[in-house]
Structure formats: C-alpha cells, structure tokens
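Results of the structural survey
The residues making up each chain are set out below.
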Amino acid sequence: MSVIVTVAALRASTSEYAERLTTVRHEHVDDTPFVLIPLTLAGEACAPLAALAGTDPDHPVLLTVRRPHDRTERFGFVESLADLLLPYFEECRAAPKEPYTVGRGKDKEERERPLRAPQLLVPNAGGITYVRLLGRLTRLRATDGPHAVSPSVPLLGKWLTWFADRAEFPDSALLQAMTRSLSAHWATGQSPTENANLASLLGWIDPPAGRTGAETAREREDPAAWPPAGPATDPVFDRTLDELITKYDGATGERGRDAAARTIDRELHAQMLPTWQLMWHGVRLLRELPAGGHVAERRAYDRRLFGEYATYLDDDGRPQARRDHAVGAARRLARMEEAQERYDAERAYDDPLVMAEYELTGEAFTGVVTAREEERTIPGARPGSPLWRPTITVHCEIPVSMAVGTAVKSPARPRQRAEILDVLPDGAGSAVLIQLNGGFGNKRKPPAPEGTMADLGETITFTSIDPKNMPSSLPAEEDTPWTHGGPPQPYEPTDEDAEEVWE
C-alpha cells in the first residue's frame, strides 16, 4: 500500500467516509456493459449454480441449474449464457469501424477496428476467477462424439478465456471486477480484504443520507440482508438450497417439480438481486467521475484487440492451449510488466493525486517557473550550427533529489523532451535548471510558439517517468536460445483435451 493510499485510509477511518484517491476516472466504463453475477455450488470451484446477467439494469436475466451435479444441466447453463453473451459480442463487432496505423516506416500498415468493444463487469476478483475457470473448462469441449455439446459452448469458452487473459493486464477494461475498480478510486477505513465485500465497500463510498460510511458498512455485513456477491454462497443459504434441491429431486409429477423449480429460482434470484443493484450503483458512481486523458487511448487498444481476436476466431478458431509454452509465457510476462509500467505512468500524467506519489519517491517534482532563457543556444555537432535549447528555472519548496542529466517530461507538455542541467539549494527547497530539447512543433529557432514554453509564474510538474517509453524487443521464436532441445511445437488440440473434468 502506497503512502498516499495509507494516509487516505487513515483519514477515512477518522471521518468514517471514503476518501478519493484520484481526481479522475482511470478506467473505461462502457455505455452498455454486460454485468455478470455468477454463483457456484458450495464446495466446487466452477460448478455453475446460477447467474444474473445482462445489459439492462431493470431487466436482469436469471439462469439457474436446479441439479448442479447433472452434467446436462451444467452445459445447458453454459449454452444459455452463450445465448446472451455471443450476440452481445457480435453486436459490438458489427459496429462501424475506424482506421488505424500499426508499425513505422516500410512496415507501416493500415487496419480497421470496431468503434465498440464489449465490457464484462463482475462483482469481485472471484468473479474473474470464475470466468477464467468456466472458459478453461468449456473451450476444449467436443461438439461431436460422446458427451458432445452445442458449438456455442466451446466458442463461449474461447471468448471467456480471452477476457480472463486480458483481465490480467492493468490497462484493459474488457473484464473488470467492481470492487477492484471502486477501490482504485476510493480509500475506506477497511482492510483490502474487507473492501472485497461489494456491499460494505459501496456503503463507505456512498452511504444513505444521515448515515456514515462506517455505519453503513457495518450494517451491510449481515449476509441475511446483504447476501455475498458470489461466486461462493452464504453457508446458511446453502442449507436452504440443499433442502430445496432435495425437494426438487424428490418431486413426483411435473407440477410438483415445476413448483419446486420456481421456488429454487425465486430463492436464487433473491440472493443475487441486491448484488445486481449494487453493481449498477457502482457503474453510476464511476460514470460520475471525469475520464482521465489516457482512458480513450487504452479503450482504443481494447477495441483493436477485440477486433483482432474476433477475426482470429473466424480465420483459425483453435482454442487457447491448456498452458503457454516457454516463449509464449515469456512474451506474455514481458507485455504484462510493460503494461503495468505504462499504466502507472499514464495515471500519473492524468492525475496530480497519483503524481504526488512519485513526488514522495523523488521521481517527480512540482515548482514555480522563476526564470526562462528563450534565446539560449548550444554548440551543435557541426561547427557554426548551434542548436536552440532554451532553459527554464523551477523553484521547488522541497528539495529535489534528481541527478543532473536526468531526462524529464512535464504532463502539461508531454511531447516536450527536457533534461536537468543543474539542481541548486534555494532556501528550504531547490532551484532546478531545465533544458528543453524539443516540443516546439517544427520550429528550430526562437521565439517559441505560444504555449510550448512554460511562462514565468507557472506552476509546473516534471517527472522522470514516461508513458511513451518504447517496449523492449524480444528475439523471434526461432532465434530464442534453447538449453534443452529446440523450441516447443505449436499447440494442436487433441481428443484428450475434451476429457478435462469440471473442478
């Protein structure tokens, strides 16, 4: 937990109201997200019991499994879920497209991506795990032969696996856990484990009139009034459910079985409806926050990946392998690390509250421009060809620990490269002399275009972090050195894949 988050949590515990951790929203919230609230059978990690799902806050769709141990009913549940999700994906894919460019120079290529991409919202991290397990256990199912399932089942499994994979990247909004999104924007007086309870977390953030956040959160710890958000169910409810399922199994006659089925559906709906309402409450709260500057750019990347994977399914369609091979795992890990660094930097550039964390660690500083030398030049590489390199001096009220020669950028002018020339004591703080190495459009000599150079008296932030750092390049698979034989063979599905069990 960072210093800023710790201080905010302490302030929240004192005031009994949640504290904002950000000034803007750093995640995309779609106009029509697909909310999925899954429940599983007690004691089994991915045995579907029920789900409340859909894109309409007023009309959730209830899916239930009256006999959770029955294989046919389980896959019937997955097929029903596919009937909801696959049309949603196709609707996004059918949206108008926009062109974009990949590569540089001779490798530059024009492509198209849809203007919409799906967004799945689940209540908590357990919901993401459920999506991953459901994808893993359905994408390899056979559509013919013994135990054949509907073609929509493995197709949904491939999509769910893809969504779960993307959820591991911090810059992706394709699959989000509501508790994680809310905790990234508000601090409460609870522990991170307690924040995993959606009802109490929202109680802290948006308590009813006349109640504090802490009071509301305590009240919402009662599972009878606020059932768990899943996928695990409340143990007391498990006993009730067991009695209902036993009654359903023992019912004789169609009327008796239908009556028992309606009772099961009603009880499951009552368990999930409070969470459904909380999910949309969270969506509304997030939408009220202004979006950060890089949110649209990250969403465009989501749309691009969505379109590419949909095309892959059309052209190839092979399911994801059970496990990444060595090269794939290394590349994936590198991409995740770079995505985390880029996401952290983008958040700091978009949000002064996030940037404050980097000021505490010495990776950023904020001060007032006290001097500027717009006409300054330095000798160029060739004699008689001086380079225009203006400078500004920034007074900071706290000492700056960055070394001379450090490359810095300002979130106010992210295209302008700069370099620290000197750091001198200035009262209780520091005076930092900064050389500006570009960012003046196509101009090569003074005066600087309006707005491209900080004015006297302007408060400005500089940091050594840069969201535009180039990603590292890894060798091609055939050029990767191997200490134990050659590179592994590409994955090919086999009949044994479909033998994977539900657990």
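Computed from a predicted model, the values in this text were never measured in an experiment. (Residues numbered from 1 in each chain as written. Predicted model: local features only at pLDDT ≥ 70, side-chain atom pairs only at ≥ 80, totals over all residues. Heavy atoms only, no water.)

Attention now goes to the nonpolar core. In a soluble, globular protein the nonpolar side chains are often hidden away together inside. One finds Leu85, Leu120 and Trp159 to be the most contacted residues of the largest nonpolar core, which totals 43 residues. Counting only elements with at least two residues in this core, the list comes to strand E2 (34–40), strand E3 (48–54), helix H2 (71–93), strand E7 (120–122), helix H3 (125–136), helix H4 (152–167), strand E8 (175–177) and helix H11 (295–315). When residues of this core are assigned to their parent elements, the largest contribution, ten residues, is made by H2. Setting aside its immediate chain neighbours within four residues, Trp159 contacts Leu86, Phe89, Phe306, Tyr309, Ala310 and Leu313. Leu121, Trp276, Leu285 and Leu289 belong to the second-largest nonpolar core, a separate cluster that totals 40 residues. (Core = buried A, V, L, I, M, F, W, Y, C linked by side-chain atoms within 4.5 Å. Buried < 20%, exposed > 50% of the residue type's maximum accessible area, 1.4 Å probe, protein only. Helix = DSSP H or I, 4+ residues; strand = E, 2+ residues; numbered from the N terminus. Contact = heavy atoms within 4.5 Å.)

In the contact formed by helix H7 (residues 198–205) and helix H10 (residues 254–288), the axes pass within 10 Å of each other and the chain directions differ by 40°. Viewed along their axes, H7 and H10 adopt a mutual orientation that is oblique. For the pair H7 and H10, the sense of crossing is left-handed. Every residue of H10 that contacts H7 at Leu198, Ala199, Leu202 and Ile205 is listed here: Thr275, Leu278, Met279, His281, Gly282 and Leu285. Its residues placed into classes, the contact of H7 with H10 shows seven nonpolar, three polar and no charged. (Axes fitted to C-alpha atoms, helices over the stretch in contact; angles between N-to-C directions. Parallel < 35°, antiparallel > 145°, perpendicular 65-115°, else oblique. Left-handed = near helix turned anticlockwise from the far one by under 90°. Nonpolar A, V, L, I, M, F, W, Y, C, P; charged D, E, K, R; others polar.)

A separate point is the sheet that holds E2. Read from one edge of the open sheet, five strands run E4-E3-E2-E7-E8, paired in mixed fashion. Single-partner strands in this sheet number two, and they are strand E4 (61–64) and E8. Sheet twist, expressed as the mean angle between neighbouring strand axes with direction ignored, is 20°. Pairing between E3 and E4: four bridges, direction antiparallel. Residue Leu52 lies in a different strand from E4, and its bridge partner there is Leu62. (Pairing = 2+ DSSP bridges.)

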